[in-house]
Amino acid sequence: MKGDARGAKRKEKHAAAPGVAGRLSHSDKLSLYYWMRLTRTLEERLVNLHRQNKLVGGLFRSLGQEADAVGSAFAVEEHDVLSSLTRNLGSLLVKGATPVEVIRQHMATADSPTRGRDLGLHFADMGRGFIGHISPLGDMVAVMAGVTLSFKVRGEPRVGLVYLGDGATSTGAFHEGINFAAVQRCPLVVIAENNGYAYSTPTAKQSAAKQFVDKAAGYGVAGDRADGNDVLAVYEVTKRAVDRARSGGGVTLIELVTYRRRGHAEHDNQSYVPGGEVERWAAENDPIDRYVRVLIDREKVEQSELDAIDARATAEVDAAADQALRSPPPSGPDALTDVYAGASRLAPHWYRK
Amino acid sequence: MAEITYLEAIREALVEEMERDANVFCLGEDVGVFGGAFKVTEGLQARFGENRVIDTPISEIAIVGAAAGAAHMGLRPVAEMQFADFISCAYDVLTNYVATSRYRTGLACPMVVRAPSGGYVRGGPFHSQNPEAAFVHTPGLKIVCPATAEDAKGLLKSAIRDDDCVLFFEHKYLYRRIKGVMPPGDHLTPIGKARIAREGKDLSIITYGATVWKAIEAADQLAQAGVSVEVIDLRTLAPLDDDAIVATVKKTNRVVIVHEDTRTGGIAGEIAARINELCWEWLDAPVLRVTAHDVPLPSAAALEDFVLPQTADIVAAAQRVGRY
């Protein structure tokens, strides 16, 4: 399914007129479902592995935010570059990261994308066009300003997409990065994911702005806002911004309104969340449930088709987990390579020789 | 060949590298039309265009972050901090992102950050700093501090071609005071190799940057008293040239380390520790440091002269080491 879905996307990628999600092909629309389902199934497996103590470090869920990640990443092309954030597992999968890589990253195995050096979604592959974030938030906006500056000065028809959270809009790096990109008219789309909380801090304590998209005017860039739990709306708003960037229109700041249904990470009991809030979002505004209704009611998709996609996602995650569980941990001395370019290995301290 | 200044040598390196490789470009505050606060990049925008000499907002985070992103894509950015003092604004991006990128994800950051640094110019607390030690402490960065015009050119050309991020601390005091004749051809000074600035046999002064010249003055004065002083110009602080340090210790058995940076946590302590670990038995005297006092650098001449190491201080330290 994964290969099929991506293949379908490639064939159709020029067919969608700017801003018209309705022109996505039937196959694209099923692909959107597949990527969201794969994201959720993969995370559920990571939760199991976390509880079995098989993961290293914390586990950061994107439960309830799958439409935000998948719909936006679906709007960029293969040769574009995106920089993901904590809750953009779906974006990375759409951009070509594989479930086995993701599980290995969370297990810090020797054959993980960062060979056990970094965790979670902190990994990158320029060949597939993604750069994972680092923990100091907002920095990737500045880095992506540079990535897209290269597109501009070389005259390449490529676009960059960078995600940040509501919390990171408070950082200097966000401000400095988007301002630089705006002045240079870099082909960059900046998505502010407003999921209600930065760790325990609600958006009202993060910013006095009524909505994050209002900041766009201050930077002199286009601004747009969408329901982050409506995957087609997310696709549409992002596609419009991507097309604008590709045609020389510069930066767009998009606010996607969504909701973080789990804590910052799995250790976080969400004691600060008002009672009933999580349950209400789960019952009334789950992005996958909503999209299933769209597919069945409007696209006349049979439930059996969706069940088949679910089964394929589960099978892929099963296979990936089996594979990752056979991966070895790194060996200690491997920590001493690649600090600098070249094949040299730092000399270990004498008491480690 | 005519002599050119240390500053002109830097500009010559930029021009040569930009002509050699279309991926090389400059970015920074006021570097384009104005040619930079010190006129290092004067004329470059007219010559190479606005896409290769980019005037940026006042934003060290964006300058360094954008340089890193451009470097990921195969460009070779040369970012300018208007004063090295402001590099601390980009400390997070440099240490958390640039320095770790290759190690973590395999994405290279071949970029240069030029940082006009140093005192003896009455610049005060925010236009005189020597922030190198903070970055020497960060694995993944390379750090060079040229003392001569020849090295300013040769090290910058090497830094631009290096596949890692190089912090290039160019000394403001030397910009127009030091001249040199550039070696012919494609002049590259290797990163990571110290230089013997003055041969000697009785005592070694290990230093870098502007204090190389004060060490040579001190060596001249000590020579009149019959003391033969060797002056080692480190040129690169990361990676440090341990071989050159050990060689001079074995030759003279007495060491004074001099730097303009403040004392506590300065690189002199690191060098002394390495001498202790690598060649302690070759020493005839304790290793002494001559450094700035541990205060923010004040503006008034009398205050700055008191705080920063002077030639007489180096002579005094050498005489003390010589008495053992």
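The model shown is predicted, which means the values in this text are computed figures rather than measured ones.

**Description of the overall build of chain A**
Moving on, step 1. Helix and strand counts for chain A come out as 12 helices and nine strands.
Moving on, step 2. Counting only C-alpha atoms, chain A reaches 65 × 50 × 45 Å along its principal axes.
Moving on, step 3. Taking all 353 residues of chain A together, 54% fall into the buried category.
Moving on, step 4. Summarising the internal contacts of chain A: among those between residues at least 6 apart in sequence, 73% fall at separations of at least 24.

**Remarks on the overall build of chain B**
Moving on, step 1. Secondary structure summary: chain B contains 11 helices and 14 strands in total.
Moving on, step 2. Over its C-alpha trace chain B gives a radius of gyration of 19 Å, about what one expects of a compact globule, namely 20 Å for 324 residues.
Moving on, step 3. Looking at chain B as a whole, 58% of its 324 residues qualify as buried.
Moving on, step 4. Of all intrachain contacts in chain B linking residues separated by at least 6 positions in sequence, the fraction that spans at least 24 positions is 79%.

**Quick look at the interface of chain A and chain B**
Moving on, step 1. Contacts between the two partners involve 32 residues from chain A and, on the opposite side, 29 residues from chain B.
Moving on, step 2. Contributing elements (two or more residues each) for the side of chain A that touches chain B: α6 (139-154) and α7 (172-183) of chain A.
Moving on, step 3. Among the elements that take part in the side of chain A that touches chain B, α6(A) stands out by supplying 10 residues, more than any other.
Moving on, step 4. Tallied by class, the residues present in the side of chain A that touches chain B amount to 19 nonpolar, eight polar and five charged.

**Observations regarding the sheet that holds strand β2 (residues 124-125) of chain A**
Residue and element names in this part refer to chain A.
Moving on, step 1. Sheet architecture is open: seven strands sit in the order β2-β3-β1-β4-β5-β9-β8, paired in mixed fashion. Looking along the sheet, the strands with just one partner apiece sit at the ends: β2 and β8 (222-227).
Moving on, step 2. Relative to strand β5 (residues 188-194), strand β4 (residues 160-165) runs parallel, the two sharing six bridges. Bridging across to β5, L164 finds its partner in A192.
Moving on, step 3. Contacting β1 (81-83), β4 and β5, α6 crosses the sheet at an angle of about 175 degrees to β4.
Moving on, step 4. Contacts from helix α9 (residues 231-246) reach β5, β8 and β9 (252-257) within the one sheet, and its direction differs from that of β8 by about 165 degrees.

**Description of the nonpolar core**
Moving on, step 1. The biggest cluster of nonpolar side chains holds 206 residues, and the ones touching the most others in it are A:V141, A:A145, B:V64 and B:V256.
Moving on, step 2. Inspection of this core shows a minimum of three residues originating in each of domain 1 (4-180) and domain 2 (195-322) of chain B.
Moving on, step 3. Discounting residues that sit within four places of it in the chain, B:V64 has contacts with B:A79, B:A90, B:V93, B:L94, B:V98 and B:V113.

**Let's talk about the environment of A:R117**
Moving on, step 1. Along the chain, the position of A:R117 falls in the loop between α5 (99-107) and β2.
Moving on, step 2. Sequence-wise, A:R117 and A:N269 are 152 residues apart; in three dimensions their C-alpha atoms are separated by 28 Å.
Moving on, step 3. Filtering out sequence-adjacent residues up to four positions away, A:R117 remains in contact with B:Y103 and B:R104.

**Section: unusual backbone geometry**
All names here are of chain B.
Moving on, step 1. A cis amide bond links A238 to the next residue, P239, at an omega of 0 degrees.
Moving on, step 2. Mapping P239 onto the fold places it in the loop between β12 (236-238) and α8 (242-252).
Moving on, step 3. At K39, a position not held by glycine, the phi torsion is positive, near 70 degrees.
Moving on, step 4. Among the structural elements, K39 can be located in the loop between β2 (24-28) and α2 (44-48).
Moving on, step 5. A positive phi angle, near 60 degrees, is found at R122, a position not held by glycine.
Moving on, step 6. With respect to the helices and strands, R122 occurs in the loop between β5 (112-117) and α5 (132-136).
Moving on, step 7. By C-beta crowding, R122 is classed as partly exposed, having 15 other C-beta atoms within 10 Å.

**Looking at the sheet that holds strand β13 (residues 255-262) of chain B**
Residue and element names in this part refer to chain B.
Moving on, step 1. Taken together, five strands build an open sheet; the order of strands is β9-β11-β10-β13-β14 and the sheet is mixed. The sheet terminates laterally at β9 (195-198) and β14 (288-292), the two strands that pair on one side only. The average angle at which neighbouring strand axes cross in this sheet is 25 degrees, direction not considered.
Moving on, step 2. Sheet topology places β13 next to β14; four bridges connect them, and they run parallel. Of the residues in β14, the one forming a bridge with V256 is L288.

**What about the packing of α5(A) against helix α12 (residues 303-325) of chain A?**
All names here are of chain A.
Moving on, step 1. Relative to each other, α5 and α12 sit at 45 degrees, their axes nearing to 8 Å. By the angle between their axes, α5 is oblique relative to α12. Pair α5 / α12 crosses with right-handed handedness. Side by side, α5 and α12 meet where P99, V100, I103, R104 and M107 of the first sit next to E316, V317, A320, A321, Q323 and A324 of the second.
Moving on, step 2. Tallied by class, the residues present in the contact of α5 with α12 amount to eight nonpolar, one polar and two charged.

**Structural notes on the pairing of strand β4 (residues 76-80) of chain B**
Residue and element names in this part refer to chain B.
Moving on, step 1. Along β4, five of the five residues are buried, which leaves the element largely enclosed by surrounding structure.
Moving on, step 2. The alternating pattern of β4 places R76, V78 and E80 and P77 and A79 on opposite faces, both of which are buried.
Moving on, step 3. Alignment of β2 against β4, held across five bridges, turns out to be parallel. By the bridge assignment for β4, G28 is matched with E80.

**Observations regarding the domain arrangement of chain B**
Residues and elements named next belong to chain B.
Moving on, step 1. Per the domain assignment, the segments making up chain B are domain 1 (4-180) and domain 2 (195-322).
Moving on, step 2. Computed from C-alpha atoms alone, the centre-to-centre distance between domain 1 and domain 2 is 26 Å.
Moving on, step 3. Of the residues lining the interface, 25 residues belong to domain 1; the matching set on domain 2 comes to 21 residues.
Moving on, step 4. Of all the secondary-structure elements, those providing two or more residues to the side of domain 1 that touches domain 2 are α5, β6 (142-144), α6 (149-161) and β7 (166-171).
Moving on, step 5. Across the side of domain 1 that touches domain 2, the residue classes break down as 14 nonpolar, seven polar and four charged.

**Regarding the confidence of the model for chain B**
Moving on, step 1. Mean pLDDT over chain B works out to 98, with 100% of the residues at or above the 70 mark.
Moving on, step 2. Scored as a whole, the predicted complex attains pTM 0.95, and scored at its interfaces, ipTM 0.97.

**Details of the confidence of the model for chain A**
Moving on, step 1. Chain-level pLDDT for chain A is 94 on average; 94% of the residues reach the 70-or-more range.
Moving on, step 2. In the model, residues 1-19 of chain A has pLDDT below 50 throughout and makes 29 contacts with residues more than four positions away in sequence or in other chains.

**A few points about the packing of α6(A) against α7(A)**
How two helices sit against one another is set out by the angle between their axes and by the gap between those axes.
Residue and element names in this part refer to chain A.
Moving on, step 1. For the pair α6 and α7, the least separation of the axes is 6 Å and the interaxial angle reads 20 degrees. Looking at the two axes, α6 sits roughly parallel to α7. The handedness of the crossing between α6 and α7 is left-handed. The residues of α7 that touch α6, namely those facing D139, V141, A142, A145 and T148, are A173, F174, E176, G177, I178, F180 and A181.
Moving on, step 2. Broken down by class, the residue content of the contact of α6 with α7 amounts to eight nonpolar, two polar and two charged.

Parameters at a glance
Residues numbered from 1 in each chain as written. Chains lettered and ligands numbered in written order. Predicted model: local features only at pLDDT ≥ 70, side-chain atom pairs only at ≥ 80, totals over all residues. Helix = DSSP H or I, 4+ residues; strand = E, 2+ residues; numbered from the N terminus. Buried ≥ 20, exposed ≤ 12 C-beta atoms within 10 Å, placed from the backbone. Contact = placed C-beta atoms within 7 Å. Rg over C-alpha atoms; globule rule 2.2 N^0.38 Å. Nonpolar A, V, L, I, M, F, W, Y, C, P; charged D, E, K, R; others polar. Pairing = 2+ DSSP bridges. Axes fitted to C-alpha atoms, helices over the stretch in contact; angles between N-to-C directions. Core = buried A, V, L, I, M, F, W, Y, C linked by C-beta atoms within 7 Å. Domains from an automatic or database assignment. Parallel < 35°, antiparallel > 145°, perpendicular 65-115°, else oblique. Left-handed = near helix turned anticlockwise from the far one by under 90°. pLDDT = per-residue confidence, 0-100.

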